[in-house]
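# Per-entry structural report
Chain by chain, the residues:
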Amino acid sequence: MWKYFRKKSAHGQKPKVPSGTRVYAIGDIHGRHDLLNVLYRQIELDLEQFPTEAKTLLIHLGDYIDRGPDSNLVLDALSLPQSICDERILLLGNHEDLLMRFLIDSTVGRLWLQLGGDTTLASYQIPLTPPVAPTDRFETLRNMLIEKMPNSHRELLQTMPLFHQLGDYLFVHAGIRPGRAMADQVREDLLWIRDRFTDSRIKHRQIVVHGHHTTPDPVIRANRIGVDTGAYMTHRLTAAVLEAEQVRFISTGPNQVN
Ligand SMILES: [Mn+2]
């Protein structure tokens, strides 16, 4: 398959999603429930402006929580059924992974809070410095989170897959280890990989559509498409729209590209 894809590319054929499918792949939300609502509305308008007979699919690329103010509301929204597209897939991000690890092991709290977990706790009305001895802090925070977090949120996190494959595309939060078959990819890379993936010019078996790597504009390279436009600080949440051989983008905020 690896060679097959390279051969196709060499003959100038563009990668595509299967016919009869339109995908909206959405980058890192990071607690910006406000922007999620705006982008969902923009997708509804896009479907009115560009109606399709195709099956429509929302793929969220992970990192729903932390950093921005309303992680709890984002998980609420993602827990509820949606009527914008025919199907929605919620992939796991490294931030959701940290939260789930914290629920099992409070010592993960030190790292998680450094990476923005403090805002998620605050969104659940949990005081960041509970009145306990410093040595008990993370265990106390963990117990408070277990108490405050709705079961629906925890169940949602537990069902999130690491990746989704569709036609010539692979959807995953951070990326893949270049040169490794999907079967040999490890969870750590799929959720956390940085420059080894983004710097790679290898033609992967599929074009990788990902979040995790923040750039001011969405990125299209020969081997990947990045849609994390740093919503929590830029106010710009981006979706890649994939249909047949086409790729276009929808973003919230003043610098809309379309
Ligand atoms: Mn990430």
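Scroll up to find the structure this text is about.
A quick note: this is a predicted structure, and the numbers were derived from the prediction, not measured.

The next subject is the sheet that holds strand E9 (residues 238-243). If you walk across this open sheet you meet the five strands as E3-E2-E1-E9-E10, and the pairing is mixed. The two strands at the open ends of the sheet, each matched to only one other strand, are strand E3 (87-90) and strand E10 (246-251). Across this sheet, the average inter-strand angle for adjacent strands is 20 degrees, counted without regard to direction. Sitting on the sheet, helix H2 (residues 33-49) is in contact with strand E1 (21-26), strand E2 (55-60), E3, E9 and E10, with an inclination near 160 degrees to E1.

This part is about the coordination of the manganese ion. Here the manganese ion is held by Asp63 (OD), Asn94 (OD1), His173 (NE2) and His212 (ND1), and the distances to it run 2.1 to 2.2 Å. Every donor residue of the manganese ion comes from the same chain, spaced as D-x30-N-x78-H-x38-H. Highlighted residues: aspartate 63 in the loop between E2 and helix H3 (71-79) and histidine 173 in the loop between strand E5 (169-172) and helix H8 (187-192), separated in sequence by 110 residues. For the pair formed by aspartate 63 and histidine 173, the shared burial category is buried.

Soluble, globular proteins show a tendency: their nonpolar side chains are buried together. Ranked by internal contacts, the top residues of the largest apolar core, which has 43 residues, are Tyr64, Trp112 and Leu145. Broken down by secondary-structure element, the contributors of at least two residues to this core are E1, H2, H3, helix H4 (94-104), helix H5 (109-123), helix H6 (137-148), helix H7 (151-158) and E9. Considering every element that reaches this core, the biggest residue donor is H2, with six residues. With 18 residues, the next largest nonpolar core counts Val23, Ile59, Leu91 and Leu242 among its residues.

Calculation rules
Residues numbered from 1 in each chain as written. Predicted model: local features only at pLDDT ≥ 70, side-chain atom pairs only at ≥ 80, totals over all residues. Heavy atoms only, no water. Pairing = 2+ DSSP bridges. Helix = DSSP H or I, 4+ residues; strand = E, 2+ residues; numbered from the N terminus. Axes fitted to C-alpha atoms, helices over the stretch in contact; angles between N-to-C directions. Contact = heavy atoms within 4.5 Å. Donors = N, O, S within 2.8 Å, 3.2 Å for Na, K, Ca; no water. Buried < 20%, exposed > 50% of the residue type's maximum accessible area, 1.4 Å probe, protein only. Core = buried A, V, L, I, M, F, W, Y, C linked by side-chain atoms within 4.5 Å.

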